[in-house]
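This is what each chain is made of:
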2 protein chains.
Amino acid sequence: MIEDNQAYLLALGQQAKQASYALANLTGSQKQQLLAAIAAKLIAKSDVIVAANKIDVANAREQGLSDAMIDRLLLDNVRLAAVIADIDNVIRLADPVGAELESQLLDNGLRLSRRRVPLGVIGVIYEARPNVTVDIAVLALKTGNAVILRGGKETLQSNLALSDAIREAISEQGLPIDAVQLIQSPDRALVTGLLKLDCYIDMIVPRGGQHLQRLCAEQATIPVILGGIGICHLYADKDANIDKAIEVIVNAKVQRPTVCNALDTLLVHQDIAEEILPSLYLKAQSLGVSFYTCERAAKIAKGINVDVEPATDETYGQEWLSLVLGIKVVDDIDQAITHIRQYSSGHSEGILTDNIHSSATFVNQVDASAVYVNASTRFTDGGQFGLGAEVAVSTQKLHARGPMGLEALTTYKWIGVGDYTVRA
Amino acid sequence: MIEDNQAYLLALGQQAKQASYALANLTGSQKQQLLAAIAAKLIAKSDVIVAANKIDVANAREQGLSDAMIDRLLLDNVRLAAVIADIDNVIRLADPVGAELESQLLDNGLRLSRRRVPLGVIGVIYEARPNVTVDIAVLALKTGNAVILRGGKETLQSNLALSDAIREAISEQGLPIDAVQLIQSPDRALVTGLLKLDCYIDMIVPRGGQHLQRLCAEQATIPVILGGIGICHLYADKDANIDKAIEVIVNAKVQRPTVCNALDTLLVHQDIAEEILPSLYLKAQSLGVSFYTCERAAKIAKGINVDVEPATDETYGQEWLSLVLGIKVVDDIDQAITHIRQYSSGHSEGILTDNIHSSATFVNQVDASAVYVNASTRFTDGGQFGLGAEVAVSTQKLHARGPMGLEALTTYKWIGVGDYTVRA
């Protein structure tokens, strides 16, 4: 069985690498045509896809998955139409491949350029949402990459129907069908095996929770883009505009609490705690928010009869993904920065202040993919940042940081053109 | 012992991270001043350093290391002076930190910028050459990074003397001494432990052979920059200028055969094999080159009484680092590209041709950090590419590819400045 897995993965890898050579040489128009053909095929096969999804949903119900989980894996005609419509947006995006980032004539006569090229083969491991199958395949193909997909077992039937349609469209365009491959077996050993296929795969993108991210960091011999975990902070400085600060804090917490850029912990300067916290507690509570707070913040809550739970090391290190907010009163900006350095996942951090010095200190000293001044953490998003697409949100520092657009699926090569030039 | 190692590494990591916060906020002038102070200190301590190196050399002789190896670890007054002089070059390089790569005003009023910042903490694992201790420390500090160094056990005394001097200079500048730390114990378990310190180290750069590269790829939970292994090819196309092609091939092979960008295998189009190979064999042989060849090339060698060994799968996969050349006659450019795809380490590959179509095909289809047309592979080098410095030569595709200059020691952060801006 283990040998079988190994042979299966090596074949997948080899086929993907071979397909990537053809993809790397497509023109922008050819890739647009390919994506349009995929969109058309998905429309033509909508019934098959929605029927496959119904099997996944039925299985999920049988296995007692939560309603939230079932909602996540649901792909009805309306949602599928939206996924397909998004392909048109990707078609319209500028193709980053082929651009020369710089070009210089060296003293020895060599013309040296740096040209943007596809990465080659991308492996993507993801969980419940079947739309990822289409999103990632389309973004990979747009940038001339082959992709190996490994979705969650809860959406296997949906993913199979989707990838079959995509592959059929690729093949009908006269392109290598293995440009998109889906791992079909639910065997978990295939994930570990995939992570070690460094002879064929150039980058792994895990789109899932903490457990998947750690597995990839620990097992992969291929470069991995970690991300998507956001333990996000806002620091309300002593010089913050109280009313406006409350607006931003509430927006960051409640506008969409289930996503990675939602606020997790509010840090409040002690000088404004008495002024800002009562209104904030009441407003947030009225919107369904509950609180884990330090003792100073708890005392203020008690004064206005708001119930809070005590914050701990563990709650400060929690990505809530729900209507829960941590609150801590800090002595000064340095203590706020120290807290963030300890608990941040490097995703999105912000300061609320009217003071130019505090703003500069915060921006310079806080190390995260996105640092905000007087803005909601909710802006960390490929769409909001104008990238046109989002492969993932990277919280690591190499290759891509923060929202990853099409460029994050490319690399560059140096091209040196001489006239039979030798090194002296 | 294992617990002790863990505690030791955690302390190293924590100290480095703490130091990195201070370094990240230095101005360009402050960093120039720091490097100048390090150069001055190394000059002042030259006797101590050279004396320490003599111990390493004596130990190496006692342990029967080869003359080549001993030459590599030797640091006499002349070589040390050259290492110190190089610091002046680094001082004069432009500081990449702080530049804004782009800045846009989003429709919602948020000013969004991408600012270049230091990576944070860099771990570097290297082998025999003690100059790396200074080179890497200086490049890391120039870009505002802290660094943890792990040199070879053969140069431990030299590395200790060098790092002591550097740390003294750092401290005298009022900066955190742990900006540069050297792992002092030769215990190999410390390398594996270092590779898993992802809570503190942002990037690992292994500078050493295949074994070290694999160890890092397999064990690290931190992003690793693999590189420095060059199995380099030149393809002499049917439309190559024979005489000029021979010049380039000989240059790529003999100009400095011990380095990663030296030529390993020559691929020759069958139409020109009879014409180019006899002259090439004789010229290369007169310069001390020996050959592993395919049967067709062997037959031509036999005709002019040049001895060759038979090439095998293994010899084609070899990085020679010496005056050995693999030769294979190919049917056409496609076969050349297929051979390169199979055996290349993704370092430096080149075509020799006067044909614009062959040139374009080769450049587009060969996937390597540097691809050349009518030029020696020997150009793949930070100095030659005008980067001013070379941290390493990356053969992977993420973050940095090919010669890595100062920018490869930086990342970026997104900075969003609003007016208490919320997401709609």
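Here, the structure is the one placed above.
Here goes a summary of the coordinates provided. (Residues numbered from 1 in each chain as written. Chains lettered and ligands numbered in written order. Predicted model: local features only at pLDDT ≥ 70, side-chain atom pairs only at ≥ 80, totals over all residues. Heavy atoms only, no water.)

Overview of the pairing of strand E2 (residues 111–118) of chain A
All names here are of chain A. Filter applied, for reference: Each residue's exposure class comes from its accessible area (1.4 Å probe, protein chains only) as a fraction of the maximum for that residue type: buried when under 20%, exposed when over 50%, partly exposed otherwise. Put simply, DSSP H or I for four residues or longer makes a helix, DSSP E for two residues or longer makes a strand, and each gets a number counted from the N terminus. Here the rule is simple: two strands pair whenever DSSP picks up at least two bridges between them.
Among the 8 residues of E2, 6 are classified as buried, and the element is accordingly described as predominantly covered. In terms of strand pairing, strand E1 (residues 100–105) meets E2 through 5 bridges, oriented antiparallel. Considered in E2, the bridge of Glu102 is made with Arg114. As judged from the 8 bridges shared by E2 and strand E16 (residues 410–421), these two strands associate in the antiparallel manner.

Structural notes on the relation of the copies chain B and chain A
Both copies of the chain are related through a single rotation about an axis accompanied by a shift along the same axis. Keep this limit in mind: Least squares is the method used to superpose the copies, on C-alpha atoms of residues holding a pLDDT of at least 70 in both. Only heavy atoms enter the contact rule, under which two residues are in contact if any of them lie within 4.5 Å.
The operation relating chain B to chain A is a screw motion whose rotation component is 180°, with 0.0 Å of axial translation and a residual RMSD of 0.0 Å. Considering both components of the superposition, the chain copies are consistent with a two-fold axis. Relative to the rotation axis, the closest C-alpha in chain B is found at His399(B), a distance of 1.9 Å. In this assembly the copies share their binding face: 100% of the residues contributing to the interface of chain B also contribute to that of chain A.

Observations regarding the pattern of salt bridges
Operational definition: Salt bridges, as used here, are contacts in which a Lys or Arg side-chain nitrogen is within 4 Å of a carboxyl oxygen on Asp or Glu.
With the rule as written, the count across this model stands at 40 salt bridges over all chains. In this structure, the salt-bridge partner of Arg114(A) is Glu102(A), at a minimum N-O distance of 2.7 Å. One end of the pair, Arg114(A), is in strand E2; the other, Glu102(A), is in strand E1, with 12 residues separating them in the sequence. Using a relative accessible area of 32% as the deciding quantity, one classes Glu102(A) as partly exposed. The partner of Arg214(A) in a salt bridge is Asp198(B), with the nearest N and O atoms 3.2 Å apart. Placement of the pair is Arg214(A) in helix H9 (residues 210–219) and Asp198(B) in the loop between helix H8 (189–194) and strand E6 (203–207), with the two residues belonging to separate chains. Ionic contacts of the salt-bridge type, sharing partners, join the residues Lys17(A), Asp202(A), Asp367(B), Lys397(B) and Arg401(B) into one network.

Some thoughts on unusual backbone geometry
Of note in this structure, Tyr420(A) is not a glycine but carries a positive phi near 55°. Its relative accessible area of 9% is what places Tyr420(A) among the buried residues. One non-glycine residue, Asn374(B), lies in the positive phi region at around 50°. With respect to the helices, strands and loops of the structure, Asn374(B) is situated in strand E13 (residues 370–375).

Observations concerning the sheet that holds strand E4 (residues 146–150) of chain A
Residues and elements named next belong to chain A. Put simply, the test is: Axes here refer to lines fitted to C-alpha atoms; in helices the fit is confined to the stretch in contact. Angles between the N-to-C directions go from 0 to 180 degrees.
Strands sit in the order E5-E4-E3-E6 across an open sheet of 4 strands; the sheet is parallel. The outermost strands of the open sheet, each flanked by one partner alone, are strand E5 (180–182) and strand E6 (203–207). Within the sheet, the average angular offset between the axes of one strand and its neighbour, ignoring direction, is 20°. Each of strand E3 (121–126) and E5 touches helix H7 (residues 156–172); the most contacted strand, E5, lies at about 155° to it. Packed onto the sheet, H9 meets E3 and E6 and runs at close to 160° relative to E6.

Section: the interface of chain B and chain A
It is common to give the size of an interface as the accessible area lost on bringing the parts into contact. This is how the line gets drawn: Defined here as a combined quantity, buried area equals the accessible surface (1.4 Å probe) lost by two parts on assembly, summed across both. Under this definition, polar contacts are N or O atom pairs within 3.5 Å; protein pairs additionally need one hydrogen-donor-capable and one acceptor-capable atom, and for neighbouring residues in sequence, both atoms have to be side-chain atoms.
At the interface, 78 residues of chain B touch 78 residues of chain A. Buried area between chain B and chain A, summed over both chains or domains, comes out near 6,300 Å², and the portion from carbon and sulfur atoms is 51%. Our count for the contact surface shared by chain B and chain A stands at 6 salt bridges. Counting every contact that joins chain B to chain A gives 45 residue pairs in polar contact (both at pLDDT 80 or more). At the level of secondary structure, the elements contributing two or more residues to the side of chain B that touches chain A comprise helix H1 (2–24), strand E2 (111–118), helix H9 (210–219), helix H10 (242–254), helix H15 (356–365), E13, strand E15 (402–403) and strand E16 (410–421) of chain B. Element by element, the count of residues in the side of chain B that touches chain A is highest for E16(B), at 11 residues.

Overview of the environment of Asn59(A)
Residues and elements named next belong to chain A. Secondary-structure assignment places Asn59 in helix H3 (residues 46–62). The partly exposed category is assigned to Asn59, whose relative accessible area is 32%. Asn59 sits 293 residues away from Leu352 along the chain, and the two C-alpha atoms are 47 Å apart.

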